[in-house]
Amino acid sequence: MDFQNGYLLNLICYLPLVGALLLIFGVKKDNPTAIKTVATVVAGLDFVISVPLWFLYDPSGAEFQFATRAEWIPSVGVKYLFGVDGFSVLLILLTTLLGFIAVYSSYTAITERQKEYYIFLLLLQTGMLGVFCSLDFVLFYVFWEVMLVPMYFLIGVWGGPRKLYAAIKFFLYTLVGSVLMLVGILALYFYNADGLAAIGLTGLGNEATFDVTTLFAIAPQIPPDLQFWVFLAFFVGFAIKVPMFPFHTWLPDAHVEAPTAGSVILAGVLLKMGTYGFVRFSLPLLPDATVKAVWWVGALAIVAIVYGALVSMAQKDMKKLIAYSSVSHMGFVMLGMFALNTAGLKGSILQMVNHGVSTGALFLLVGIIYERRHNRMIAEYGGLAKVMPLYAMFFMIITMSSIGLPTLNGFIGEFTILIGAFHHSWVWALFAASGIVLGAGYMLWMYQRVFFGEVTNEKNKGLSDLNLREQWTLIPLVVLAFWIGLYPKPFFRLMEPTVERVMARVEVALPDRDTASAAVDAIATVPETAVHADVE
């Protein structure tokens, strides 16, 4: 592991927490200007501090970088261990950017209990960043659970008419998955501990540990039966967060009832925590179970792609339509990941970023019109391009990004996933392609009904176009959409070490003899630190 610049991750992770404490103890409730200023400065500074990760991360090495290690609870083998690879860097940058946009977009959307609102937004930021930085399972689990609390209150206090139902449903679903995930973590912990011969599980380590890098090193010796049960426990926890079909039912309620910033963070970052868990833990730690699960995980992903798209077509509420589209898009991510080849995994990781950019922007755009009309029903609109031309332009760009128009980010991710899916099975590629067609259908149909034609509703004739603040919440996401769509090479280069390390571990478990032989050769060429999980 590379411990240079280890302070950087701690600074990025805990700066929002410092900002939340500053709001709690240093700013009065009756000073909304100061509250907004402190929250915006802290969130903006956090993004600025995270930008050097892009330039300082060395993609030529497979080891975790910017690492920090300290004893935390030595009696049970718990360490404070931070570190990132290229995959984590991408998600951290996405999190800090969307976190700043979420704060900045809330100026006029939130008028009550503003101090508490911005405190919870900043606490949520620390929880999400901690998940992407943690390399100790207990530390990871703590941040995973901490993140639930502020999102619960953001939905339950500042949400829509059914906010309590949506908040409780979100909390219970995620909590059930978290408890099962904890059981899987404990199984790995005890497997690596001494003294389990009585139940047939003899660990390889000298002491019990939750250190992920140590567990990576013993992963090839984990028995297939244990791998299966741990994979199943992890699967439920991560699949609920993705969310995969049939664990998706909490998502539309949470999205529809959440405030705009909550929906942006939920779609842009929280859903990625589930797919992050699969790539970071399930695939490299449990390769045999992963290979055996491919057919049914792939089937669930295909159902999510088609089902999410078809249900989106039937929606009358713009926000609910975008929520169900997330089910379809995240199905693409899972399909590329479980194609278990380099192209599919690269496309899956890039599409995580793409979905955060495009769907986060779509929720921002729906929130903007909701502030003006307090109505999200598609039938209430029509002809908005004449009244709000700038708004219509931004909406069109993001719509094209979401459906995968060439030159925009969605195309690169979906195209790469299709390549990976076709290498695995042409049937997978066929169903994935049908999801793209359906996606274009429901997005263009919504755009046509909202923006084209005559302005028939008198309430829409006096609507104001985007102001400068609203434009600046959208411009960074539009720039990212074009950057990834036109020049994705830097993003693929950043994730290369992670993809090589994960595939080197998974491919040896594939049943195909030629593939397995090629995988053995690949492992021989991957740096020693990658194969042995960067254990010092």
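Keep in mind the model is a prediction, meaning the values are calculated, not measured.

Rules used in this analysis
Residues numbered from 1 in each chain as written. Predicted model: local features only at pLDDT ≥ 70, side-chain atom pairs only at ≥ 80, totals over all residues. Heavy atoms only, no water. Helix = DSSP H or I, 4+ residues; strand = E, 2+ residues; numbered from the N terminus. Buried < 20%, exposed > 50% of the residue type's maximum accessible area, 1.4 Å probe, protein only. Contact = heavy atoms within 4.5 Å. Areas by Shrake-Rupley, 256 points an atom, 1.4 Å probe, with all protein chains shown as cover. Lys, Arg positive; Asp, Glu negative; His and termini not counted. Charge placed at Lys NZ, Arg CZ, Asp CG, Glu CD. Core = buried A, V, L, I, M, F, W, Y, C linked by side-chain atoms within 4.5 Å. Salt bridge = Lys/Arg side-chain N within 4 Å of Asp/Glu carboxyl O. Axes fitted to C-alpha atoms, helices over the stretch in contact; angles between N-to-C directions. Parallel < 35°, antiparallel > 145°, perpendicular 65-115°, else oblique. Left-handed = near helix turned anticlockwise from the far one by under 90°. Nonpolar A, V, L, I, M, F, W, Y, C, P; charged D, E, K, R; others polar. Bend = angle between axes of the 7 residues up to and from the residue. Expected span 1.5 Å × (residues − 1). Polar contact = N/O pair within 3.5 Å; in protein donor to acceptor, adjacent residues only side chain to side chain. Phe/Tyr/Trp six-rings, centres within 6.5 Å; stacked < 30°, edge-to-face > 60°. Lys NZ or Arg CZ within 6 Å of the ring centre and 35° of its normal.

Caption draft 1: Highlighting the overall build of the chain. Counting its regular elements, the chain contains 23 helices and two strands. Overall, the chain is about 75 × 55 × 40 Å in size when its C-alpha atoms are taken along their principal axes. For the chain, the residues scored as buried account for 63% of the 536 residues in total. In the chain, 80% of the contacts between residues at least 6 apart in sequence involve partners at least 24 apart. When the accessible surface of the chain is totalled, it reaches about 19400 Å², and 68% of it is carbon and sulfur. Distance between charge centroids for the chain: 12 Å, based on 31 positive and 35 negative side chains.

Caption draft 2: Structural context of the nonpolar core. Counting 192 residues, the largest nonpolar core has Phe137, Phe234, Leu270, Met337 and Tyr391 as the members making the most contacts within it. When residues in this core are grouped by element, the largest group, 15 residues, is from helix H12 (residues 260–285). In contact with phenylalanine 234, other than residues within four places in its own chain, are Phe137, Met181, Gly184, Ile185, Leu188, Phe281, Ser282 and Leu286.

Caption draft 3: A look at the pattern of salt bridges. By the definition in use, this model includes 12 salt bridges. Shared partners join several salt bridges into a network, and the residues in it are Asp85, Arg280 and Arg501.

Caption draft 4: How the structure looks around the packing of helix H1 (residues 7–26) against helix H5 (residues 114–133). Interhelical geometry of H1 versus H5 gives an angle of 165° and a closest axis separation of 8 Å. In terms of their interaxial angle, H1 and H5 are classed as roughly antiparallel. Crossing geometry of H1 relative to H5 is assigned as left-handed. Note on element contacts: H5 touches H1 through Lys115, Tyr118, Ile119, Leu122, Leu123, Gln125, Thr126, Leu129, Gly130 and Cys133, opposite Leu9, Ile12, Cys13, Tyr14, Pro16, Leu17, Gly19, Ala20, Leu23 and Ile24. Residue composition of the contact of H1 with H5, grouped by class: 15 nonpolar, four polar and one charged.

Caption draft 5: Inspection of H1 at higher detail. The largest bend in H1 is about 35°, located at tyrosine 14, with the proline proline 16 one to four residues further on. Taken residue by residue, H1 has Leu8, Leu9, Asn10, Ile12, Cys13, Leu15, Pro16, Gly19, Ala20 and Leu23 as its buried positions.

Caption draft 6: Local environment of the packing of helix H4 (residues 86–104) against helix H21 (residues 489–506). Where H4 contacts H21, the two axes come as close as 6 Å, and the packing angle between them is 135°. One element, H4, and the other, H21, form an angle in the oblique class. Contacts from Gly86, Phe87, Val89 and Leu90 in H4 reach Phe491, Leu494, Met495 and Thr498 in H21. Its residues placed into classes, the contact of H4 with H21 shows six nonpolar, two polar and no charged.

Caption draft 7: Helix H20 (residues 468–486), seen in detail. In this model, H20 (19 residues) spans 26 Å end to end at C-alpha, consistent with the 27 Å of a helix rising 1.5 Å per residue. Considering only its buried residues, H20 is in contact with H4, helix H15 (342–373), helix H17 (389–403), helix H18 (409–424) and H21. Of the residues flanking the start of H20, the one acting as N-cap is asparagine 467, its side-chain oxygen 3.2 Å from the backbone nitrogen of arginine 469.

Caption draft 8: The packing of aromatic side chains, seen in detail. In total, this model carries 45 aromatic pairs according to the counting rule given. Pairing phenylalanine 132 with tyrosine 276 gives two aromatic rings, centres 5.1 Å apart and planes at 75°, and the pair type is edge-to-face. Of the two residues, phenylalanine 132 sits in helix H5 while tyrosine 276 sits in helix H12, which places them 144 residues apart along the sequence. Classification of phenylalanine 132 as buried rests on a relative accessible area of 0%. Classification of tyrosine 276 as buried rests on a relative accessible area of 0%. Seen from their ring centres, tyrosine 447 and phenylalanine 451 are 4.4 Å apart, and the 25° between their planes marks the pair as stacked. With tyrosine 447 and phenylalanine 451 both in helix H19 (residues 426–451), this residue pair falls four residues apart, about one helical turn. Phenylalanine 451 matches tyrosine 447 in its accessibility class, with the two residues each being buried. Positioned over the ring face of tryptophan 144 is lysine 241, at 5.1 Å from the centre of the ring. Cation over ring: arginine 376 sits above tyrosine 370, and NZ or CZ is 5.1 Å from the ring centre.

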